[in-house]
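Residues per chain, in single letters:
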Amino acid sequence: MIKCLTCIWQSIKQQNGRFYSSKSLFMVNLIITSALFILSISCVSSSTLSNLDLATSQPALNAQPLSANPVTLSASVPKWIIAELQPTSLSSEQQQQELQWFRQTGAPFNGMTIRVVSEQINTHQYESQVLAKAFYELTGIHVIHELTGEDDVIKKLSAQIMTGHNLYDAYINDSDLIGSHFRSHAITSITELIQTEDGKYLLPTLDINDFIGLKFTTGPDGIIYQLPDQQFANLYWYRSDWFEDPKLKAQFKQAYGYELGIPQNWQAYEDIAKFFSHDIGVIDGVKVYGHMDYAARDPSLGWRISDAWLSMAGVGDTGLPNGLPVDEWGIRVEACRPVGASVERGGALNSPAAVYAIDKFISWLEYAPTQARELTFSEAGKWPAKGQIAQQIFWYTAFVGDLTNKSLPIVNEDGTPRWKVAPSPVGKYWQQGMKSGYQDTGAWTFLNNTPKDRQLAAWLYAQFVVSKSVTLKKLLTGHTPIRLSDVESPVMTQQAPYLGGLVEFYRSQARNVWTPTGTNVPDYPEMAGFWWQYISDIVHGKYSVQQGLDLFAAKMDSHLAKLEVSMADKPCAPKLNPAKDKSFWLNQSGAPKSEVVEEPVGKTLPYKEAILVWQ
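Residues numbered from 1 in each chain as written. Predicted model: local features only at pLDDT ≥ 70, side-chain atom pairs only at ≥ 80, totals over all residues. Heavy atoms only, no water.

## Structural notes on the overall build of the chain
What counts here: Secondary structure elements are defined from DSSP: runs of H or I of at least 4 residues count as helices, runs of E of at least 2 residues count as strands, and each element is numbered from the N terminus. The cut-offs for exposure are 20% and 50% of the maximum accessible area for each residue type, with area from a 1.4 Å probe on protein chains only; residues under the lower value are buried, those over the upper are exposed, and the others partly exposed. All accessibility values rest on the Shrake-Rupley procedure with a 1.4 Å probe; residue burial counts only the protein chains present in the view.
The number of helices and strands found in the chain is 24 helices and 14 strands. For the chain, buried positions account for 61% of its 615 residues. Summed over its atoms, the accessible surface of the chain is roughly 22,900 Å², and 52% of this surface lies on carbon and sulfur atoms.

## Things to note about the pairing of strand β11 (residues 391-396)
A regular strand places its side chains so that they alternate between the two faces of the sheet. The cut-off we apply is this: Two strands are said to pair when DSSP picks up at least two bridges between them.
Most of β11 is tucked away, with six of its six residues classed as buried. Sheet analysis places strand β5 (residues 227-238) next to β11, joined by four bridges and oriented antiparallel. Directly across from Y238, in β11, lies its bridge partner Q391.

## Describing helix α6 (residues 150-163)
Put simply, the test is: An expected span of 1.5 Å times one less than the residue number is assigned to each helix.
The end-to-end C-alpha distance of α6, which contains 14 residues, comes to 20 Å, matching closely the 20 Å that a straight helix rising 1.5 Å per residue would cover. Within the sequence span of α6, burial applies to E150, V153, I154, K156, L157, S158, A159, Q160, I161, M162 and T163. Among the residues trailing α6, G164 stands out with phi positive, at a value near 80°.

## Some thoughts on the state of the cysteines
The following threshold applies: Defined by distance alone, a disulfide is two cysteine sulfur atoms within 2.5 Å.
The tally for this structure, following the rule as stated, stands at one disulfide. One disulfide in the model links C336 with C572; its S-S distance is 2.2 Å. For the disulfide bridge between C336 and C572, the dihedral angle about the S-S bond is near -95°, and by the sign convention the bridge is left-handed. Of this pair, C336 sits in the loop between β9 (332-334) and β10 (337-340) while C572 sits in the loop between α22 (545-566) and α23 (582-586), and the two are 236 residues apart along the sequence. On the basis of relative accessible area, C572 is assigned to the buried category, the value being 15%.

## Focus: helix α16 (residues 471-478)
Spacing of three or four residues puts side chains on the same side of an α-helix, whose turn is 3.6 residues. Most of α16 sits inside the fold, with six of its eight residues counted as buried. All buried positions along α16 are accounted for by T471, L472, K473, K474, L475 and G478. Remark: H479 follows α16 within two positions and exhibits a positive phi of approximately 60°.

## What about the confidence of the model for the chain?
Here is the rule we go by: Values of pLDDT, ranging from 0 to 100, describe the predictor's confidence in every residue of the model. Should any heavy atoms of two residues lie within 4.5 Å, those residues are considered in contact.
In the predicted model, the chain carries a mean pLDDT of 89, and 88% of its residues have values of at least 70. Segment residues 1-74: pLDDT under 50, and 123 contacts once partners within four positions in sequence are set aside and those in other chains are kept.

## Some points on the packing of helix α4 (residues 92-106) against helix α15 (residues 452-465)
Using the following cut-off: As a rule, the C-alpha atoms of each element are fitted with a line to give its axis, helices using only the stretch in contact, and angles between N-to-C directions run from 0 to 180 degrees. Any angle between 65 and 115 degrees counts as roughly perpendicular, while under 35 counts as roughly parallel, over 145 as roughly antiparallel, and the rest as oblique. As a working rule, the residues Ala, Val, Leu, Ile, Met, Phe, Trp, Tyr, Cys and Pro are called nonpolar, Asp, Glu, Lys and Arg charged, and the rest polar, with Gly in that last group.
As a packed pair, α4 and α15 sit with axes 11 Å apart at the nearest point and diverge in direction by 175°. It follows from the interaxial angle that α4 and α15 lie roughly antiparallel. Residues L99, W101, F102, T105 and G106 of α4 form the contact with α15, whose participating residues are L460, Q463 and F464. Of the residues in the contact of α4 with α15, the class split is five nonpolar, three polar and no charged.

## Regarding the layout of surface pockets
As a reminder, the rule being used: Put plainly, a pocket is an open set of points on a 1 Å grid over the protein atoms alone with protein on both sides within 12 Å along at least five of seven lines, a cavity is a set where a 1.4 Å probe fits but cannot get out, and a lining residue has an atom within 4 Å of a point. Grid points are joined across faces, edges and corners, and a volume is the space filled by probe spheres set on the points.
In this structure, the second largest pocket spans a volume of roughly 400 Å³. If you go around the second largest pocket, you meet 21 residues; those closest to its centre are P321, N322, G518, T519 and N520. Of the residues belonging to the lining of the second largest pocket, the class tally is nine nonpolar, 10 polar and two charged.

## Details of empty space enclosed by the protein
If you walk through the whole model with that rule in mind, you get five cavities of 30 Å³ or more. Volume-wise, the largest cavity comes out at about 120 Å³. In this structure, the largest cavity is lined by 13 residues; those nearest its centre are D174, W303, D307, Y396 and D440. Looking at the lining of the largest cavity residue by residue, the class counts come to seven nonpolar, no polar and six charged. Quantified by volume, the second largest cavity comes out at close to 50 Å³. Around the second largest cavity, the lining residues are L475, P481, V487, M492, L502, V503 and Y506. Considering every element that reaches the lining of the second largest cavity, the biggest residue donor is helix α19 (residues 502-506), with three residues. The class makeup of the residues in the lining of the second largest cavity is seven nonpolar, no polar and no charged.

## Some words on the pattern of salt bridges
Formally: Salt bridges are defined as contacts in which a side-chain nitrogen from Lys or Arg sits within 4 Å of a carboxyl oxygen from Asp or Glu.
Across all of its chains, the model carries 21 salt bridges by this definition. Put simply, K428 and E599 hold a salt bridge, and the shortest N to O gap is 3.0 Å. Within this pair, whereas K428 is found in the loop between β12 (420-422) and β13 (439-447), its partner E599 is found in the loop between α23 and β14 (604-605), the two being separated by 171 residues in sequence. Residue class for E599 comes out partly exposed when judged on its relative accessible area of 39%.

## Focus on the packing of aromatic side chains
The relative placement of two aromatic rings is captured by the distance of their centres and the angle of their planes. The line we're drawing: The criterion for an aromatic pair is that two Phe, Tyr or Trp rings (for Trp, the six-membered ring) have centres within 6.5 Å, with stacked assigned to planes under 30 degrees apart, edge-to-face to planes over 60 apart and tilted to the rest.
Counted by the stated rule, this structure contains 44 aromatic pairs. Here F252 and Y256 contribute two aromatic rings whose centre-to-centre distance is 4.8 Å and whose plane-to-plane angle is 25°, an arrangement assigned as stacked. Separated by four residues within a single helix, F252 and Y256 lie in helix α10 (residues 246-256), roughly one turn from each other. Note on F252: relative accessible area 0%, which makes it buried.

## Points about the side chain of K473
Formally: Definition of a polar contact: a pair of N or O atoms within 3.5 Å, with one able to donate and the other able to accept a hydrogen when the atoms are protein atoms, and with sequence-neighbouring residues admitted only if both atoms are side-chain atoms.
For K473, the location among the structural elements is in helix α16. The class of K473 is buried, set by a relative accessible area of 17%. A distance of 2.8 Å separates a polar side-chain atom of K473 from the backbone oxygen of E84. The residues touching K473, leaving out its near neighbours within four places in the chain, are E84, L85, Q86, P87 and Y126.

## So, the packing of α10 against helix α11 (residues 266-280)
One way to put it is that α10 packs onto α11 with a least axis distance of 11 Å and a crossing angle of 110°. One element, α10, and the other, α11, form an angle in the roughly perpendicular class. Contacts from L248, Q251, F252, A255 and Y256 of α10 reach α11 at D271, I272, K274, F275, F276, D279 and I280. Grouping the constituent residues of the contact of α10 with α11 by class yields eight nonpolar, one polar and three charged.

## Regarding the pairing of strand β2 (residues 142-148)
The buried fraction of β2 is high, at seven of seven residues. Residues of β2 alternate between two faces, with H142, I144, E146 and T148 on one and V143, H145 and L147 on the opposite face, all of them buried. Here seven bridges tie strand β1 (residues 113-119) to β2, and the two strands are oriented parallel to one another. In the strand pairing of β2, V116 is matched with H145.

This is the structure in C-alpha cells:
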C-alpha cells in the first residue's frame, strides 16, 4: 500500500505546471481516489476479476479468472440478445449484420476485462446490467461497468489524468467538461478513434451525424472529443390535471387576476407556487405543494445552480449556445479566453441579476416540502411521483421513466400521465435570444494514458451501446434519446401520449437551444466544485446572498489567474482583465446588467401556445 501511495505522489509531483493545480484540496481527493483504485486494481491481480458477475457495477474479486473459462464464440448471435434488443430502427438482417461486426472486430480482444464508469441513472443501469452482458457474449470482452455519483466520475477521470495510472478504460461523463477536454491535451478524441488504423475499429453503421448532441461534444477546433451516450433536458414540469381543473382555474383567476396556465416568467411561477402551497394547501385530503426543489449541502446543489439557474434568471448575455461575451456561469470570454467572473473584471457572477436568481431560489423553498432543504438531486427526484407537487420550474427528464408507472397517483388508468413538461419560465433579467434551459449529454470519454488495446476494446463497447441495434430499446428503457432516427421513429410516435411532451420536445428545434455548460469553462472538474460549496453557504445562512456571491466570484477569478499561468501553453487559456470599479461594467450594454427594481406582472399561456417556443 505504501509503495502504491508513493508512486501516486511521485506521479502527482511530476505534474506540477500542468493543467491542474497540485496544491489544492481537490488533490487530496485525487490522492485518496487514486490510492483506493490502485489498491483495488493495480495491487490486486486483475486475473481475480469475475467472469461471471457480468452485470454488476462492482467488481467481484473472488470469482474464477477469465482465462480459466474463455468465451467460445458461436456462429450466430445468441437469441436472447436479438429478443432483448427490440424494437430497433434496423431491419432484422441489418441488425444481424451489425451485431456480427462486433463479433468479428472484437475477436482479437476475447478474454480481456475492461472497466468503464458512469453516473447512476436508468440508462446506465440498463447498460451495466444488460448491455455489458450482451457485449460479452458477442465479443468475449468482459466489461465491468461501474455506476457511481457524477461528482465521483469526475474525480476518477481527473485522478487518471493526474496520476497517469490506468484506472478505467473509458468514462461516461457530461459534455459540460468540453471546455476542459479541448484545452487539456489529455483526451483521445472520437475523431482520432474513428480514424484508428484506417477505420478498422469504426462501426460501419455508426452514422455519426445521427447523434443529436454531437455539437455539444465538439470543441471550437471542430474535433469531436466525446461520443454521446445519453441525453436529458431540464424542463418545466406540472400537474396538467390540476391546471385544467375548472374549480382551481377559477380560484386562481379570482386571487391573481390572470389564468392558471404555463408560467412565462418567474412572477407567475411564484404566484402559482403560493396558490397551491398556501391558498389551496390540500387536495383530496392530501397536503400539496406549489414548488419542488432540493438544497442539501451536496455537489448536486451546485449543478442545480450552475446548469442553468443563472441563465434562466437572465444573468448572462444573449447568444447561443451559452451567451456571449458573458456566459451562463457569469464568466466573460474574449476571443475564446476567459477574462473574469466578477463584475469587477467584466463577469456577472456577483451581479444584481445573480443576486436576484439566488434570492428566488432560497425564498421559493418556502413553497416546497420542508424536507427539500435536506434533499439531494436523486432524493428530490422521487417527490413528484408522490402526487403532492403542483409544479417544478426545472425538472430533469431523466426521471420520465420514474413517473410513468400506472400505479402512481399521477398516471391515469390507461397509462397516460396526469403531468406534462413545457418550457421553463424565465426571470426578469432574461432577454429574447438567450439560452432557455439546460441539457445534459453524457458522453464517452477516452484518455491518452489508457493502454491502446484496452482503449480500443472500450471503444468497441461504447459503439455497441450507442449502435442502432441498441439505442431505440435503450431510449424506451431510460428515456434519454441520442439518435434523431430513434426520435423520429414510428415507435416514438406511439409512445408520445405516454411521455408527457418528451417526444414533442426532442422533435422540435428546442433540442438545439437547451444547452450544456459550454467551452468557456476551462477547468470544469475543479471549478464545478466551487459552486456547491459557496451556494450551500449562502442557502444555509453563513453569508448573505451578495456576500456569498462576492466571495464566490473572487474565488473564480483567483482560479482563472492560476490557470492563466499553468495553461499558458494551452489553446484559449484564461487571461484575466484588470479589476475596475463595478460601475464601469454595470454601465456598459449587456451583462453584467444593472439592477432592475421593477417586478413584472405574472404571465401565463395555455399549454399548446407555450410549447410553440420549441418550434
